[in-house]
Amino acid sequence: MRIVFMGTPDFAVPSLRRLIEDGHEIAAVYTQPDKPRNRGMRLTPPPVKVVAQEHGIPVCQPQRVREPEVIEALAACRPELIVVAAYGKILPREIIDLPPLGCINVHSSLLPKYRGAAPINWAVLNGEEETGVTIMEIAEALDAGDMLSQQSTPINPDESVETLHDRLAELGAELLSGTIREIETGTAVRTPQEESQSTYAPMLSRALSPVDWSRSAREIHNQVRGLLPWPAATMELSGCTMKLYRTEVTGERTGAAPGTPVGADAGGLLMACGDGTLLRVTELQAPGKKRMAAVDYLRGHPLTGR
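Keep in mind it's a predicted model, so treat the numbers as computed, not measured.

S.K.: How would you sum up the overall build of the chain? Please name residues and give values.
M.R.: Broken down by element type, the chain carries eight helices and 15 strands. Considered along the principal axes of its C-alpha atoms, the chain spans approximately 70 × 45 × 30 Å. Relative to its full complement of 306 residues, the chain shows a buried share of 50%. Of the accessible surface of the chain, which amounts to about 14,700 Å², a share of 50% is contributed by carbon and sulfur atoms. Looking at the chain, you have 31 positive and 38 negative side-chain charges, and the mean spots of the two groups are 8 Å apart.

S.K.: Which residues make up helix H7 (residues 217-226), and what values do they have?
M.R.: Counting buried residues along H7, eight of its ten residues qualify, which places the element largely inside the surrounding structure. All of the buried residues along H7 are Ala217, Ile220, His221, Asn222, Gln223, Val224, Arg225 and Gly226. If you follow the buried residues of H7, they end up packed against helix H5 (119-125), helix H6 (161-185), strand S10 (233-237), strand S11 (240-253) and strand S14 (277-285).

S.K.: Could you give an account of the layout of surface pockets, with specific residues and numbers?
M.R.: When its volume is computed, the largest pocket comes out at roughly 1,700 Å³. Of all elements in the fold, only strand S3 (35-37), strand S7 (103-107), H5 and H6 reach the threshold of two or more residues within the lining of the largest pocket. Per element, the largest residue contribution to the lining of the largest pocket is four residues, and it comes from H6. Considering only residue class, the lining of the largest pocket consists of 28 nonpolar, ten polar and eight charged. What the second largest pocket holds in volume is close to 160 Å³. The wall of the second largest pocket is formed by 14 residues, among which Asp158, Ser160, Tyr245, Arg246 and Thr247 lie closest to the centre.

S.K.: Got a sec to walk through the packing of helix H1 (residues 13-21) against helix H2 (residues 47-54)? Specific residues and values, please.
M.R.: Interhelical geometry of H1 versus H2 gives an angle of 20° and a closest axis separation of 9 Å. Judged on the interaxial angle alone, H2 and H1 are roughly parallel. Every pair of crossing elements has a handedness; the one defined by H1 and H2 is right-handed. In contact with Val13, Leu16 and Arg17 of H1, H2 contributes Pro47, Val48, Val51, Ala52 and Glu54. Here the residues of the contact of H1 with H2 sort into six nonpolar, no polar and two charged.

S.K.: I'd like a rundown of the environment of Leu269, residues and numbers included.
M.R.: As for its placement among the helices and strands, Leu269 is situated in strand S13 (residues 268-272). Judged by relative accessible area, Leu269 falls into the buried class, the value being 0%. Here the alpha-carbon distance between Leu269 and Cys240, two residues 29 residues apart in the chain, equals 15 Å. With near-sequence residues (within four places) excluded, Leu269 lies in contact with Met235, Leu237, Pro261, Gly263, Ala264, Leu279, Arg280, Val281, Ala294, Leu298 and Leu303.

S.K.: Quick rundown of the nonpolar core? Include the residues and the values.
M.R.: The tendency in soluble globular proteins is for nonpolar side chains to be buried side by side. Core analysis: the biggest nonpolar cluster contains 63 residues, and Phe5, Val83, Ile104, Ile180 and Met235 have the highest contact counts within it. Once residues within four sequence positions are removed from consideration, Val83 is found in contact with Ile3, Val4, Phe5, Met6, Leu19, Ile104, Leu176 and Ile180. Listed in part, the 18 residues of the second largest apolar core include Leu74, Ile82, Leu91 and Cys103.

S.K.: Got a sec to walk through the pairing of S13? Specific residues and values, please.
M.R.: One face of the sheet, then the other: side chains in a regular strand alternate in exactly this way. Across the five residues that make up S13, a large majority, five, are buried. Connecting strand S12 (residues 261-265) to the next strand, S13, in antiparallel fashion are two residues. Pairing geometry for S13 and S14, over four bridges, is antiparallel. By the bridge assignment, Ala272 is partnered in S14 with Leu278. The hairpin formed by S13 and S14 contains four residues between the paired strands, and Gly276 there has a positive phi angle of roughly 80°.

S.K.: Which residues make up the sheet that holds strand S2 (residues 25-30), and what are the values?
M.R.: Reading across the sheet, the seven strands line up as S5-S2-S1-S6-S7-S8-S9 and stay open at both edges, with mixed pairing between neighbours. The sheet is open, and its two edges are formed by strand S5 (59-60) and strand S9 (147-154), each paired on a single side.

S.K.: An account of the environment of Val13 is requested, with residue identities and associated values reported.
M.R.: Structurally, Val13 can be placed in helix H1. Residue Val13 is classed as buried on the basis of its relative accessible area of 13%. Sequence-wise, Val13 and Ser205 are 192 residues apart; in three dimensions their C-alpha atoms are separated by 25 Å.

S.K.: Residues and numbers for the side chain of Arg115, please.
M.R.: The residue Arg115 is located in the loop between S7 and H5 in this model. On the accessibility criterion, Arg115 (9% relative accessible area) is buried. Looking at Arg115, its side chain comes within polar contact range of the side chain of Glu195, at 2.9 Å. What Arg115 contacts, discounting residues up to four positions off in sequence, is His107, Leu142, Asp143, Ala144, Gln193, Glu195, Ser198, Thr199, Tyr200 and Ala201.

S.K.: Help me get a handle on the pattern of salt bridges, residues and values and all.
M.R.: A full pass over the atoms with the stated rule returns 19 salt bridges. The partner of Arg115 in a salt bridge is Glu195, and the shortest N-O contact between them spans 2.9 Å. Placement of Arg115 in the loop between S7 and H5 and of Glu195 in the loop between H6 and H7 is noted, with a sequence separation of 80 residues between them.

Here is what the cut-offs are and how they apply
- Residues numbered from 1 in each chain as written.
- Predicted model: local features only at pLDDT ≥ 70, side-chain atom pairs only at ≥ 80, totals over all residues.
- Heavy atoms only, no water.
- Helix = DSSP H or I, 4+ residues; strand = E, 2+ residues; numbered from the N terminus.
- Buried < 20%, exposed > 50% of the residue type's maximum accessible area, 1.4 Å probe, protein only.
- Areas by Shrake-Rupley, 256 points an atom, 1.4 Å probe, with all protein chains shown as cover.
- Lys, Arg positive; Asp, Glu negative; His and termini not counted.
- Charge placed at Lys NZ, Arg CZ, Asp CG, Glu CD.
- Contact = heavy atoms within 4.5 Å.
- 1 Å grid on protein atoms, 1.4 Å probe; cavity = no way out; pocket = protein on both sides within 12 Å on 5 of 7 lines; lining within 4 Å.
- Points joined across faces, edges and corners; volume = space filled by probe spheres on them.
- Nonpolar A, V, L, I, M, F, W, Y, C, P; charged D, E, K, R; others polar.
- Axes fitted to C-alpha atoms, helices over the stretch in contact; angles between N-to-C directions.
- Parallel < 35°, antiparallel > 145°, perpendicular 65-115°, else oblique.
- Left-handed = near helix turned anticlockwise from the far one by under 90°.
- Core = buried A, V, L, I, M, F, W, Y, C linked by side-chain atoms within 4.5 Å.
- Pairing = 2+ DSSP bridges.
- Polar contact = N/O pair within 3.5 Å; in protein donor to acceptor, adjacent residues only side chain to side chain.
- Salt bridge = Lys/Arg side-chain N within 4 Å of Asp/Glu carboxyl O.

Here's what the structure looks like:
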């Protein structure tokens, strides 16, 4: 099948690679423009662009997909199908209606739950025990198109967004492959989403970072693992704002006020939470420092000196 692929970050890479492995003709890859990164602010290509160039696939990086010349160039590719995976831009009706077999999207949630920009993060933040991937037809309304296929997967209670992201990316690629076979054979079944069950997963911001220690240890643990790698949960310790990267729910009880550092053990720093239990901080980052084990930080910054 002749396909135009639209995607940008690491999540989209397994889907593109699978389309190539399955022997589809990738007429072009559309991805976001290169962006300056790191201290040198060097222009860095998106991961999808790197893969496309490895395979000699033409790459297009328009600032705006609604421009007439962009739509004309896309039409000139003559795609039978457009596949989107975390592209990061909303497609206009002119593009949605362009390919005869439609536009489909690889979305990292069990729609209609968690429509929007950060479905993996919000599933973890909210303590969901299950998530998955949905292949859906693209509609003008955000993530509201008919569903073509769906695959669920459990979320480990200690799994971070980073690990879950990688699992869902691979799951999405596998599901995409099978769904395209069904589209080719005319056996794909379209299931409308139940609007009453829809929820929204908005973009993340630093406003989500500060830990509210009046919450339960499990809720704070979900916050820590759900805000990785950015913006990361934060706490105040010894007058510094620390980023939190790993925590453990101990189940141990305490009578200390929420937010009190009650001690340290071989695993890390023990913090009192609002449900009267202790949360162990095992990995953190002090301002201007690298991520490190909490026990290593505490060797140079003992609690008695706070």
